[in-house]
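# Per-entry structural report
Take a look at the letters that make up each chain.
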Amino acid sequence: PKRFRMLEVDLDNVRAAIDWSYESRDWQSAIRLLWGLTGFWHGHHNYEGLGYCEKILAMPEAADRSIARAQALWCYANLLWSLSKFAAASRIWEQAAAIGMEVGNEFMTMLSLIGWGAAMNALGDATAAQSLLTEGLSRARQIGSKPHMGLAQMHLGDVVLQQANMEAALTLHEQSAANQQFSENSALSLRRLGQIALRRGDSAQAGELMSESVRHI
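Here is a short report on the structure shown in this document.

Thresholds, definitions, all that
- Residues numbered from 1 in each chain as written.
- Predicted model: local features only at pLDDT ≥ 70, side-chain atom pairs only at ≥ 80, totals over all residues.
- Heavy atoms only, no water.
- Helix = DSSP H or I, 4+ residues; strand = E, 2+ residues; numbered from the N terminus.
- Buried < 20%, exposed > 50% of the residue type's maximum accessible area, 1.4 Å probe, protein only.
- Polar contact = N/O pair within 3.5 Å; in protein donor to acceptor, adjacent residues only side chain to side chain.
- Contact = heavy atoms within 4.5 Å.
- Core = buried A, V, L, I, M, F, W, Y, C linked by side-chain atoms within 4.5 Å.
- Salt bridge = Lys/Arg side-chain N within 4 Å of Asp/Glu carboxyl O.

Mapping Asp 158 onto the fold places it in helix α9 (residues 146–162). Take Asp 158: its relative accessible area is 16%, and that puts it in the buried class. Only 2.9 Å separates the side chain of Asp 158 from the side chain of Arg 192, close enough to count as a polar contact. The residues contacting Asp 158, other than those within four sequence positions of it, are Asn 121, His 173 and Arg 192.

Below, the structure is given as structure tokens:
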């Protein structure tokens, strides 16, 4: 995305801002920067972002079980996920979800449950994954966040597809694509629909969906 290319150009200033926040013990500003940069680090500088998360989470000032700490934990888990460290990501997302519930923040709870469920599926625990993702989807519906409904549906579609339930997977991924059509994850939903079309033997539709997914990147 264009905004990530712009961040690349300004990366030294971004690093300086994080370092200044850390050195001045301004942990809340540091966490706001982490939260805002997670998407960028996820696909560009995973290990650098991971290092910043570990450094800031270790600050004594960041030890309170607050929504800010939950945000930093979520960023940390998301970067662990991007590096296929699913067991560690699962543990961290569980912590973030617990804090979200404690402080009564529905958005953070929902977001952490979806991440946790995706990680459990990657670890091969489909039962836990389905339970967590279903709860995450329910909370996303209550909040009224279509992109996060779509995210939960996408991961639930992955779960049921691994259980060889093609029709249920197709329905979930179609719902996911509709809910995420204006989000950054729309390409992922379209790619999954393309993969299902290919498994069903419809190579023409698979090609169209894959091409469309590229246009959404």
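A few words on the nonpolar core. Formed by 66 residues in total, the largest nonpolar core has its most connected members in Leu 34 and Trp 41. The element best represented in this core is helix α5 (residues 67–82), accounting for ten residues. Non-local contacts of Leu 34, meaning those with residues more than four positions away in its chain, are made with Trp 41, Tyr 52, Cys 53, Ile 56, Ala 72 and Cys 75.

Further remarks concern the pattern of salt bridges. Scanning the entire structure with this criterion turns up eight salt bridges. Here Arg 192 makes a salt bridge to Asp 158, at a shortest N to O gap of 2.9 Å. Residue Arg 192 is located in helix α11 (residues 186–199), and its partner Asp 158 is located in helix α9; the two are separated by 34 residues in the primary sequence. Across the pair, Asp 158 and Arg 192 agree in class, each one buried. Among the ionic pairs, Glu 167 bridges to Arg 200, the shortest N-O distance being 2.8 Å. With a gap of 33 residues between them, Glu 167 in helix α10 (residues 166–179) and Arg 200 in the loop between α11 and α12 (203–215) connect regions that are remote in the sequence. Judged by its relative accessible area of 48%, Glu 167 falls in the partly exposed class. Among the charged side chains, a salt-bridge network with shared partners connects Asp 12, Arg 15 and Glu 48.

Shape is all these values report; function is a separate question.
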